[in-house]
Amino acid sequence: MDANFTSQFHTSKLPPLPPPPPLNPLSQKRLGLGTQKQPISIQQMVLDAHFQQASDIHIRVGELPRFRVQGEMEVYKAGEIVTPKIFEAYLDEILTPAVKQRFAETKELDTTIVYPGFLRCRVNCFETLTGGAMVLRLIALDVPTIDSLGLPPVLKDIIHRKQGLILVTGPTGSGKSTTLAAMIRYLNESAQKHIITIEDPIEYIHTSEKCLISQREVGLHTYEFHDALRSVLREDPDVILIGEMRDRITVDTALKASQTGHLVLGTLHTKNTLGAINRLLNIYSPDEQAAMRVQIVDSLVAVIAQKLLAKTDGGRKAVMEILINTPTMQDYLLQGDHTEAYQLMEASTNEGMQVMNYALCELMLTGQISIEDAISVSPDVGDLRRRALNDGLDPGHSTRRDLYSDYSYSPR
């Protein structure tokens, strides 16, 4: 502004105002001043996730924490964006220095944390493009029962078989570990056996009752999964739980154990029961598959394929397709005749077998799951609609047109 112009006006020169008096500590606390906000702890997140009936907690640098509730990812409203410093504090909260160092070296970590009297968490830590991340799966301390989960009663008969191979299949997060834990609990309460589990990591903790249960965690009780697997047959087991059938060594050992008087429980990531047979066969070369088919079918007790759906009244429900290796089923599997095997499953509900649409229709008609959820996972929506119109029964047993495409089978 022009100096000549401003000089025409008289300006008073007042002394500067004194600074305001400092707030007392109580006022600072009320206004959130003078104190640094502490990030929410993992323990508090676990408490809040449990209250919201979440199954998983997802934490990643650069993102707000999220909970998986009823299968859907939801932002944790009380959380804040995770910085590298906050993530480091989370690692310090849940890991020992030695375990933290192992994560720093390998960039991968599977472990568990326990809140006594409350619950356990299966923890997976990993690195991403934006920084560290972890996923916590909330696991109840009490092992659920087959009845409390509303699982088919035939599982009680299956787990009482003296020897053979039981497979539980389904995508990640479909409740396979929970189903196996419930079956082990039932056996623990009703038989006198030695059960050995090899887990990575241990999820449900079993207390020996009628059975003697030996649980081993990879990294804590054995350095290598395959070392534990090789030695398990020398530990006088009756039942062996080996988790995922991840490679040829695991499948070979499982078959050997199941053929020498042991009951073996394993998991696969297939979407249906008959696909589990093909998955095991595909581990072997084409020249070996004919001989291995005989071994697998001879060892097989049952295959349980499951999906996890939201219940209409809250919580989630396992929906199961069940194949039981009866003599007739064994003939079809040896021949590779999946069409006849599927139709036998449809017609053998009195023996405990069921196809996925049968289970979906029953839960849908009783109002336990929504129609939309049932349709979203049905292998044949047209068949599901026909069953619903006939109160769960399909007079035609199935539509043959989609058996191969829906189940990814190749006619032989």
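Source: prediction; values computed, not measured.

Engineer: Could you clarify how one ought to interpret the sheet that holds strand β1 (residues 54-60) in this entry?
Structural biologist: Note: strands within a sheet are paired through backbone hydrogen bonds, in either parallel or antiparallel orientation. The antiparallel open sheet is built from six strands, whose spatial order is β3-β2-β1-β6-β5-β4. Looking at which strands have only one partner, the edges of the open sheet turn out to be β3 (72-75) and β4 (108-115). Shown here is a sheet whose adjacent strand axes are inclined to one another by a mean of 25°, direction ignored. As judged from the 10 bridges shared by strand β5 (residues 119-128) and strand β6 (residues 131-140), these two strands associate in the antiparallel manner.

Engineer: Please explain the nonpolar core as it appears in this structure.
Structural biologist: One recurring pattern in soluble globular proteins: nonpolar side chains tend to sit buried together. By size, the foremost hydrophobic cluster in this structure holds 66 residues, and its most contacted members are L155, I158, L167, M245 and L265. Not counting residues within four places of it along the chain, the set of residues in contact with M245 comprises L165, L167, T250, V251, A254, G266, T267, L268 and L280. Ranked by size, the runner-up nonpolar core spans 30 residues in total, among them V46, Y76, F87 and V99.

Engineer: Please explain the packing of helix α12 (residues 327-335) against helix α13 (residues 338-347) as it appears in this structure.
Structural biologist: Angle between the axes and distance between the axes are the two parameters that describe a pair of packed helices. Between α12 and α13, the shortest axis-to-axis distance is 8 Å and the interhelical angle comes to 160°. When the axes of α12 and α13 are compared, the pair comes out roughly antiparallel. Two packed elements cross with a definite hand, and for α12 against α13 that hand is left-handed. From α12, T328, M329, Y332 and L333 reach across to α13, where they touch E340, A341, L344 and M345. When the residues that make up the contact of α12 with α13 are grouped by side-chain class, the tally is six nonpolar, one polar and one charged.

Engineer: I'm lost on the packing of helix α10 (residues 273-281) against helix α11 (residues 286-299) in this one. Help?
Structural biologist: Where α10 meets α11, the axes come as close as 10 Å, and the angle between the chain directions of the two elements is 130°. In terms of axis orientation, α10 runs oblique to α11. Relative to α11, α10 is oriented so that their crossing is right-handed. On α11, the residues touching I277, N278, L280 and L281 of α10 are Q289, M292, R293 and I296. Looking at the contact of α10 with α11 residue by residue, the classes come out as five nonpolar, two polar and one charged.

Engineer: Help me understand the sheet that holds strand β13 (residues 316-324), please; the structure alone is not making it clear to me.
Structural biologist: A sheet is described by the order of its strands in space; here seven strands give the open sequence β9-β8-β10-β11-β7-β12-β13, paired in mixed fashion. The open sheet terminates on both sides in strands that have one partner only, identified here as β9 (212-217) and β13. Strand-to-strand twist of the sheet, defined as the mean angle between neighbouring strand axes without regard to direction, takes the value 15°. Summarising the sheet, strand β7 (residues 164-169) and strand β12 (residues 300-310) pair through five bridges and their orientation is parallel. Bridged to V168 within β12 is I304.

Engineer: Help me understand the pattern of salt bridges in this model?
Structural biologist: According to the stated counting rule, one finds 14 salt bridges in the structure shown. The partner of D227 in a salt bridge is R230, with the nearest N and O atoms 2.4 Å apart. Placement of both D227 and R230 in helix α8 (residues 225-231) is noted, with a separation of three residues, approximately one turn of the helix. The exposure class assigned to R230 is partly exposed, which follows from its relative accessible area of 46%. One salt bridge connects D252 with R248, and the closest N-O pair in it is separated by 3.6 Å.

Engineer: Sorry if this is basic, but what is going on with the side chain of K176 here?
Structural biologist: Secondary-structure assignment places K176 in helix α7 (residues 176-190). Among buried Asp, Glu, Lys and Arg side chains, K176 stands out as unpaired, with E244 the closest opposite charge at 7.8 Å. Within the local environment of K176, its side chain forms a polar contact with the backbone oxygen of G170, the two atoms lying 3.1 Å apart. Within polar-contact distance, the side chain of K176 engages the backbone oxygen of P171 at 3.0 Å. What K176 contacts, discounting residues up to four positions off in sequence, is V168, T169, G170, P171, T267, L268, H269 and Q306.

Thresholds applied
Residues numbered from 1 in each chain as written. Predicted model: local features only at pLDDT ≥ 70, side-chain atom pairs only at ≥ 80, totals over all residues. Heavy atoms only, no water. Pairing = 2+ DSSP bridges. Helix = DSSP H or I, 4+ residues; strand = E, 2+ residues; numbered from the N terminus. Axes fitted to C-alpha atoms, helices over the stretch in contact; angles between N-to-C directions. Core = buried A, V, L, I, M, F, W, Y, C linked by side-chain atoms within 4.5 Å. Buried < 20%, exposed > 50% of the residue type's maximum accessible area, 1.4 Å probe, protein only. Contact = heavy atoms within 4.5 Å. Parallel < 35°, antiparallel > 145°, perpendicular 65-115°, else oblique. Left-handed = near helix turned anticlockwise from the far one by under 90°. Nonpolar A, V, L, I, M, F, W, Y, C, P; charged D, E, K, R; others polar. Salt bridge = Lys/Arg side-chain N within 4 Å of Asp/Glu carboxyl O. Lys, Arg positive; Asp, Glu negative; His and termini not counted. Polar contact = N/O pair within 3.5 Å; in protein donor to acceptor, adjacent residues only side chain to side chain.

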